[in-house]
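# Observations on the three-dimensional arrangement
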Amino acid sequence: MHVVTAASAAGSDELTVEFAGELFPVTPGQPFTVGREGDLAIEDNLFLHRHFLTIENIDGLWLLSNVGSRLAATVTDSGGRVQAWLAPGARLPLVFETTTVIFSAGPTTYEIVVHAAEPTFRETERFDDPVGQSTIGDVPLTLSQRLMILALAEPVLRREGSGMSELPTSAQAAERLGWTITRFNRKLDNVCDKLDRIGVPGMRGGVRAYATNRRVRLVEHAIAARLVTRDDLPLLDSEAASEAAAGRDDA
């Protein structure tokens, strides 16, 4: 049986888009569209634009464009060294061997991975970084702040590969930790303020959409910047057990 991988699916001048275990080839001369309609169609989410992202080859350079009017996307390289905020109307070159695109529509967060057979830029290992990675916009977080982010990002971190995840509400995340909603929201405020101060976009917004938008944007940034990883997930059960044993909230 012939197994198709991202590398074998693409020719030397092609890209491959990976989503939820499926591979979609992208060829020069024909734009690739992501949205409710298009080459990668996510039909069951009315919060998503009909046409949201396009990938096309212009003058030999692959470009990712946001053709929507409201939603934005977070774009990062596979090593987590580079992160960009792709706002409506913006475009970015796809120069890495592997590029991850994370975006949210309503309460659902999506992740697609773009593989380039012949990337313009090839990563080199940093000798001063023993794990070969460095955190984008490194910001010190307390344990409780990390726990708050983990509770929101848990569905994304537990998912295997690319795909979609339903983010929990603040009340559900607080319950997961054994916290009161007041304590949870205070931690959320503190982290969003901290990230806003170092220039992370989307941590603040209008009154009507602020509560939802900052949660999904926080998860997008936390995953892309490796603020939390799957290895951190056991901390959630430890915190929930600790709170249950204590029988109180020590906010």
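An account of the accompanying structure is given in this report. The structure displayed is predicted, hence computed values, not measured ones.

## Things to note about the pattern of salt bridges
Once the charged atoms of two side chains with opposite charge are near each other, the side chains can pair. Applying the stated criterion to the full structure yields nine salt bridges. When the shortest N-O distance is used, the salt bridge between Glu-220 and Arg-217 registers 3.7 Å. In this pair, Glu-220 and Arg-217 are both assigned in helix α5 (residues 210-224), three residues apart and thus about one turn of the helix distant. Judged on exposure class, the residue Glu-220 and its partner Arg-217 are both buried. Salt bridges linked by common partners bring Glu-154, Arg-158, Arg-176 and Asp-237 together as one network.

## What about the side chain of Thr-108?
Along the chain, Thr-108 falls in strand β11 (residues 108-116). Using a relative accessible area of 5% as the deciding quantity, one classes Thr-108 as buried. For Thr-108, the side chain forms a polar contact with the side chain of Glu-166, separated by 2.5 Å. Not counting chain neighbours up to four residues away, the residues in contact with Thr-108 comprise Asn-45, Phe-103, Met-164, Ser-165 and Glu-166.

## Some words on the sheet that holds strand β5 (residues 53-58)
Strand order in this open sheet of five strands is β4-β3-β5-β6-β9, and the pairing throughout is mixed. This sheet does not close on itself; its edge strands, each paired only once, are β4 (40-41) and β9 (91-93). Sheet analysis places strand β3 (residues 32-35) next to β4, joined by two bridges and oriented parallel. In the strand pairing of β4, Gly-35 is matched with Ala-41.

## Comments concerning empty space enclosed by the protein
Counting across every chain of the model gives one cavity of 30 Å³ or more. Quantified by volume, the largest cavity comes out at close to 30 Å³. Along the walls of the largest cavity sit Ile-102, Thr-109, Tyr-110, Glu-111, Val-156, Arg-159, Val-219 and Ile-223, which together make up its complete lining. Where the lining of the largest cavity is concerned, the elements lending two or more residues are β11 and α5. With three residues, β11 is the largest single contributor of residues to the lining of the largest cavity. Here the lining of the largest cavity is composed, by residue class, of five nonpolar, one polar and two charged.

## Considering the nonpolar core
Buried together is how nonpolar side chains tend to be arranged in soluble globular proteins. Residues Met-148, Leu-152, Phe-184, Leu-195 and Leu-218 are the most contacted members of the largest nonpolar core, which totals 34 residues. Elements with a minimum of two residues in this core: α2 (143-158), α3 (170-177), α4 (181-197) and α5. Sort the elements by how many residues they give to this core and α2 lands first, with nine residues. With near-sequence residues (within four places) excluded, Phe-184 lies in contact with Met-148, Ala-151, Leu-152, Ser-170, Ala-173, Ala-174, Leu-177 and Trp-179.

Cut-offs applied
Residues numbered from 1 in each chain as written. Predicted model: local features only at pLDDT ≥ 70, side-chain atom pairs only at ≥ 80, totals over all residues. Heavy atoms only, no water. Salt bridge = Lys/Arg side-chain N within 4 Å of Asp/Glu carboxyl O. Helix = DSSP H or I, 4+ residues; strand = E, 2+ residues; numbered from the N terminus. Buried < 20%, exposed > 50% of the residue type's maximum accessible area, 1.4 Å probe, protein only. Polar contact = N/O pair within 3.5 Å; in protein donor to acceptor, adjacent residues only side chain to side chain. Contact = heavy atoms within 4.5 Å. Pairing = 2+ DSSP bridges. 1 Å grid on protein atoms, 1.4 Å probe; cavity = no way out; pocket = protein on both sides within 12 Å on 5 of 7 lines; lining within 4 Å. Points joined across faces, edges and corners; volume = space filled by probe spheres on them. Nonpolar A, V, L, I, M, F, W, Y, C, P; charged D, E, K, R; others polar. Core = buried A, V, L, I, M, F, W, Y, C linked by side-chain atoms within 4.5 Å.

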